[in-house]
Amino acid sequence: MSTIVQQSWKRCQESNLKAWEKANDQIISSKRIKEIIQENHPLIQESLPLFNKLAPFLLSTEHIALLADRDGNIIHTVGDPVFATQAQKVQLQIGANWTEDYKGTNAIGTALIAQQPISVQGDQHYFLENRFLSCSAAPIFSPTGELLGVVDISTRKEYTHPFALTIACMIAEALQNRFLYASAERVIALPGSTDATSSSGKVPLVGLDRDERIVGLNDLAKQRLGKAALGTRLSPEQARAGRDVQDNRQRFWGTQAATEAASRNCAAAPSQKPQPVLKPFPRLAGSCPLFLQAKMLGQKAAQVDFPVLILGESGTGKELFAQMIHETGPRAQEPFIAVNCSAISENLIESELFGYESGAFTGANREGRIGKFEAAKKGTIFLDEIGDMSLRGQAALLRVLQEKVVTPVGSNQSRPIHARIIAATHRNLPEEIRAGRFRADLYYRLKGVSIHLPPLRKRCDIIQLAEHLLQQIAKDQPCVLLPEAKAKLASYSWPGNVRELQGVLVQAAFLSDGEEIGEEHIQLEGLAEEAEPVHAVPSLRESELAAIRRALDSSGGNVSKAARLLQIGRNTLYRKMAEYQLTVPVNQEKP
Ligand SMILES: Nc1ncnc2c1ncn2[C@@H]1O[C@H](COP(=O)(O)OP(=O)(O)OP(=O)(O)O)[C@@H](O)[C@H]1O
């Protein structure tokens with residue numbers, strides 16, 4: 001174990017965290033997540049292009065990349081949905097806090113404290129439940145040296161990759177450079193940057209303001225000049241010898257991919273290529289970060305021709321999503337043909353998909369019929385419920401994907417196909433593959449880009465979505481949701497997702513017979529009482545109270561120690577204890 005990890009374990013033990021117990025698994029409230037995302041807007045803004053560039057490479061590798069703010073809150077993730085689902089079981093997801101206080105030794109929390117890049121592998125995690133993970137994190141600093149957050153790459157411990165830490169460091173460094181470019185009038189590379197340092201792709205960069213004062217340094221420049229150089233002027237010799245690089249930042253990226261990302265997204269670079277314009281998905285409503293993340297992937301997928309696999313529970317909007325990808329892409333003028341694979345009987349699947357010749361089988365149309373692939377022409381074929389397709393159908397489909405031709409039943413002439421393929425399923429395909437019900441080779445062919453649509457119960461924008469749907473339902477007579485109705489909608493678990501919400505709202509609009517929808521008009525399936533509260537998110541006050549109780553427990557009533565654990569001042573803690581009417585037993589109270 002590295003010293004950093006050992007020190008972290010010691011901190012966890014001193015804080016009385018029990019490795020075998022469940023780690024604190026609170027997810028912050030959706031309102032607070034929105035605030036945190038707002039507060040970290042520049043960090044997210046700068047990170048998005050890098051994360052988006054990385055995302056396709058993570059897709060089939062069971063890796064995810066995460067961005068956490070300086071307080072350890074996860075604010076953005078991309079990567080393989082299969083691993084993302086496993087990671088969610090230990091709250092490695094947006095809205096969770098991964099500081100050591102909550103999650104013990106882990107890459108995000110420990111990198112924040114150590115302020116250094118770190119890998120935490122399997123058993124090095126403090127909590128037993130996290131020991132299936134392998135995580136590598138690198139802190140992100142502003143050009144003036146403040147800690148802004150952490151980039152983390154995580155996977156299962158069996159898939160540990162030695163480059164994960166390097167990639168996390170590269171992203172953190174790239175982000176730092178982006179901030180430097182954004183904050184400085186001019187950026188120069190210090191002399192000597194073409195020697196030994198350049199082989200590592202690193203260059204000492206100095207950001208200068210209009211008066212030629214140093215306003216930012218990257219790590220290497222900080223090592224050279226010292227942090228005290230901030231606010232001073234470079235010596236005339238240094239300034240003369242420095243190379244102006246404001247327009248050449250792509251040199252500082254180690255990889256071609258990163259180079260492209262840099263040149264595409266660097267706001268200040270005159271040589272900037274235009275950003276690919278992502279077209280809006282007009283009919284898809286929602287503002288939840290989980291949903292927006294999926295939407296952004298969909299918008300990007302619309303611009304390219306890769307196969308797309310949309311995953312999500314029934315009623316989450318998979319078909320509508322596929323339509324949006326089609327309608328906003330270059331094939332929009334061509335047909336969109338949806339096929340429900342679960343509704344076609346096994347022996348008709350070939351004739352449905354590939355067509356048949358006249359007299360191919362009893363009951364067939366006399367003239368024959370073209371199949372769905374040909375009907376889609378140069379448009380999109382949407383294979384819904386692909387997880388329910390028979391193994392025979394899968395074998396036939398795989399052949400078509402490999403050979404790009406179809407042979408109608410009863411014919412020996414194959415015909416080329418040109419349609420783009422989007423598939424969707426509510427099933428867990430890796431599990432289906434393990435059970436022998438789905439072909440792995442077909443899965444990998446279909447999942448060029450996989451997009452996971454969150455179930456409604458995990459979304460924090462239910463009310464916004466409800467209001468959007470209501471507008472569509474009651475076009476002529478606008479309806480308003482009263483606060484109690486909103487509360488009822490927000491506290492239901494929505495097993496039928498958006499489709500169920502739509503149905504409930506149609507009924508509510510009908511029952512209310514007027515402009516206002518009250519609680520009594522919202523008729524749920526009677527599951528509400530059993531259902532977990534949506535998101536199981538405690539309020540901010542509840543979380544704060546729980547954190548304070550826990551800190552006091554861990555510190556055995558020592559208020560100073562509890563305040564340190566909470567990273568607040570002792571007086572603040574006393575004030576909050578008074579506010580929550582918390583007392584420490586007299587015999588336990590220590591200064
Ligand atoms: N984000 C959204 N904004 C507006 N309407 C939505 C959204 N998501 C889903 N819907 C609506 O919800 C209904 C169900 O969506 P859709 O049929 O696309 O779901 P699905 O996941 O394909 O369902 P299934 O798996 O059962 O086929 C549709 O009427 C769709 O228009």
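Since this is a predicted model, take the numbers as computed values, not measurements.

A. Layout of the environment of Ala-294. Here Ala-294 lies in helix α12 (residues 289–302). Along the backbone, Ala-294 and Ile-310 are 16 residues apart, and their C-alpha atoms lie at a distance of 9.5 Å. Excluding its chain neighbours within four sequence positions, the residues that come into contact with Ala-294 are Phe-321, Ile-451, His-452 and Leu-453.

B. Region of the structure containing the pattern of salt bridges. If you walk through the whole model with that rule in mind, you get 19 salt bridges. Across the pair Glu-129 and Lys-22 runs a salt bridge whose closest N-O atoms are separated by 3.4 Å. A residue pair is termed long-range when its members are at least 10 positions apart, and Glu-129 in the loop between β3 (118–121) and β4 (133–141) and Lys-22 in the loop between α1 (3–14) and α2 (30–39) qualify at 107 residues. For Lys-22, a relative accessible area of 52% corresponds to the exposed category. Of the charged contacts, one joins Arg-427 and Asp-388 as a salt bridge, the two residues approaching to 2.6 Å between their closest N and O atoms. In this pair, Arg-427 sits in the loop between β17 (420–425) and α17 (429–434) while Asp-388 sits in the loop between β14 (380–384) and α16 (391–403), placing the two residues 39 residues apart along the sequence. Asp-388 gets classed as partly exposed once you look at its relative accessible area, which sits at 26%.

C. Expanded view of unusual backbone geometry. With a phi angle near 60°, Glu-62 is a residue other than glycine that sits in the positive phi range. By secondary structure assignment, the location of Glu-62 is in the loop between α3 (41–58) and β1 (63–69). Of note, the phi angle at Gln-115 is positive, near 55°, even though the residue is not glycine. Structurally, Gln-115 is set in the loop between α6 (107–114) and β3. Classification of Gln-115 by relative accessible area gives partly exposed; the value is 40%.

Reading the values: rules and limits
Residues numbered from 1 in each chain as written. Predicted model: local features only at pLDDT ≥ 70, side-chain atom pairs only at ≥ 80, totals over all residues. Heavy atoms only, no water. Helix = DSSP H or I, 4+ residues; strand = E, 2+ residues; numbered from the N terminus. Contact = heavy atoms within 4.5 Å. Salt bridge = Lys/Arg side-chain N within 4 Å of Asp/Glu carboxyl O. Buried < 20%, exposed > 50% of the residue type's maximum accessible area, 1.4 Å probe, protein only.

Remember that the coordinates give geometry; whether it matters functionally is a separate question.
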